[in-house]
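Secondary and tertiary structure notes
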Amino acid sequence: MLTTSQLIDGGLSRRVISRMSRDWVPVAQGLHLLGPPSFDAAVWAGVLRGGPRAVVGGRAAGYLSKIIRDEPEEVLVWAPIPRNPLAVGQWVVQFRRGERKGVFSLPRTTVEASLLDISDVSTENEVVAAVARALSQRKTTPDRVLRELDTRRGVQHRALLQQLLAKSARGIESALEWRFQTKVLAPHGLPLPDRQVRRVAGRVDGIYERYGLIVELDGLRDHTEAWRDMKRDNLNLVFDDNRTLRFGWFGVENEACLAARMTASLLWKGGWAEPMLQAACCFGEFSLH
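Criteria and cut-off values
Residues numbered from 1 in each chain as written. Predicted model: local features only at pLDDT ≥ 70, side-chain atom pairs only at ≥ 80, totals over all residues. Heavy atoms only, no water. Helix = DSSP H or I, 4+ residues; strand = E, 2+ residues; numbered from the N terminus. Buried < 20%, exposed > 50% of the residue type's maximum accessible area, 1.4 Å probe, protein only. Contact = heavy atoms within 4.5 Å. Axes fitted to C-alpha atoms, helices over the stretch in contact; angles between N-to-C directions. Parallel < 35°, antiparallel > 145°, perpendicular 65-115°, else oblique. Nonpolar A, V, L, I, M, F, W, Y, C, P; charged D, E, K, R; others polar. Phe/Tyr/Trp six-rings, centres within 6.5 Å; stacked < 30°, edge-to-face > 60°. Pairing = 2+ DSSP bridges. 1 Å grid on protein atoms, 1.4 Å probe; cavity = no way out; pocket = protein on both sides within 12 Å on 5 of 7 lines; lining within 4 Å. Points joined across faces, edges and corners; volume = space filled by probe spheres on them. Salt bridge = Lys/Arg side-chain N within 4 Å of Asp/Glu carboxyl O.

Re the overall build of the protein chain
Check the secondary structure of the protein chain and you find twelve helices and eleven strands. When the backbone C-alpha atoms are referred to their principal axes, the protein chain occupies close to 85 × 40 × 30 Å. The buried share of the protein chain, reckoned over its 289 residues, is 45%. Across the protein chain, the fraction of contacts at a sequence separation of at least 24, relative to all contacts at a separation of at least 6, is 59%.

Okay, structure coming up:
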């Protein structure tokens, strides 16, 4: 992505630029796409069109900072001067008037600001995934995100963000792990495991070391090789006599009480002496003996 001004600054005349640009795709006045459209091209189009103080924000900034996994098809750009939207292939660049602090050579909002912007336009699971990813990759810290949150009003999912950034949620690295805590463990009075613990057989999502129980939460995206999971489960049993329970999205979302009973049963067998709470969702469920 190039601008006519850049080419002139490089010493080319307008006549030469006119001849060179015949095979280029005009994106806006004075803005040229030299190759196939892409997310990166759309981002640069927004920054170049927005001017010297333009800053990428929202999900696009989150993707650039690697706190969300998938390229968004909308690129948000903060700029002091209003601009009309741009289309670069399947990507649409939307401009929002305002000043934001930019970081890095391809200016984007800070990780903390990006997380709050993402929270304003996302579902609960998407927010959890972005925050968990940012924290697990050490792109930010809970305190830094909380300080940013204190500077803003009207942030959607504020209570959720505060819960995610509390000590009880430390170590959660996926939306499924968050759901397991909030739908299975907490409502049924079950203890929290130690999270993301490295063992001889590999890292585990959660472990109750004292009670000989490992809990693995299998999202479809990150658990596509079942044989690796089975091997790790077997090795944990062989090396340390630790049983493993595995839950996916269906078990956590739709059978939370059954998942809680399974977890409690193995905790009791390991020596846990507390009762499991009868959550509202459990009435009418069958008992697990």
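Some remarks on the packing of helix α9 (residues 175-185) against helix α12 (residues 256-269)
The interhelical angle for the contact between α9 and α12, taken along N-to-C directions, is 85 degrees, at an axis separation of 9 Å. Classified by the interaxial angle, the pair formed by α9 and α12 is roughly perpendicular. Taking contact as the criterion, the partners of Phe180, Lys183 and Val184 in α9 are, on α12, Ala256, Ala259, Ala260 and Thr263. Residues of the contact of α9 with α12, tallied by class, amount to five nonpolar, one polar and one charged.

Some points on the packing of aromatic side chains
Enumeration according to the criterion identifies three aromatic pairs in this entry. Arranged with centres 5.1 Å apart and planes meeting at 80 degrees, the rings of Phe39 and Tyr63 form a pair that is edge-to-face. Highlighted residues: Phe39 in helix α3 (residues 39-50) and Tyr63 in helix α4 (residues 58-64), separated in sequence by 24 residues. Taking the centre distance of 5.6 Å and the plane angle of 25 degrees together, the rings of Phe180 and Phe247 count as stacked. Taken as a pair, Phe180 in helix α9 and Phe247 in strand β11 (residues 243-247) lie far apart in primary sequence, 67 residues in all. Judged by its relative accessible area of 6%, Phe247 falls in the buried class.

Structural notes on the pairing of strand β9 (residues 202-208)
Remember that side chains alternate between the two faces of the sheet whenever the strand is regular. The element β9 is largely enclosed, with a buried count of five among its seven residues. Bridging between strand β8 (residues 194-199) and β9 involves five bridges; their strand directions are antiparallel. Within β9, the residue paired with Arg199 across the bridge is Gly202. Between β8 and β9, which pair antiparallel in sequence order, lie two residues. Where β9 hands over to strand β10 (residues 213-217), the hairpin turn is made up of four residues, of which Gly212 adopts a positive phi near 65 degrees.

Side note on the layout of surface pockets
In this structure, the second largest pocket encloses a volume near 300 Å³. In terms of lining, the second largest pocket is formed by 17 residues, of which the most central are Val103, Thr109, Thr110, Val111 and Glu112. Elements supplying a minimum of two residues to the lining of the second largest pocket: α5 (111-120) and α7 (142-150). The leading source of residues in the lining of the second largest pocket is α5, at three residues. Taken together, the residues that form the lining of the second largest pocket break down as five nonpolar, three polar and nine charged.

Here's the deal with the sheet that holds strand β3 (residues 31-33)
Taken together, three strands build an open sheet; the order of strands is β1-β3-β2 and the sheet is antiparallel. With one partner strand each, in any of the chains shown, β1 (2-3) and β2 (25-28) form the two edges of the open sheet. Sitting on the sheet, α3 is in contact with β1, β2 and β3, with an inclination near 170 degrees to β3.

Here's the deal with the pattern of salt bridges
Per the stated rule, a full pass over the model turns up twelve salt bridges. The closest approach of N and O atoms between Glu126 and Arg59, which form a salt bridge, is 3.6 Å. Of this pair, Glu126 sits in helix α6 (residues 124-136) while Arg59 sits in helix α4, and the two are 67 residues apart along the sequence. With a relative accessible area of 39%, Glu126 lands in the partly exposed category. On the basis of relative accessibility, which here comes to 31%, the residue Arg59 falls in the partly exposed class. A salt bridge links Glu253 to Lys183; its shortest N-O distance comes to 3.1 Å. Of this pair, Glu253 sits in helix α11 (residues 249-254) while Lys183 sits in helix α9, and the two are 70 residues apart along the sequence. Here the residues in one salt-bridge network are Arg100, Asp117, Glu148 and Arg152, joined through shared partners.

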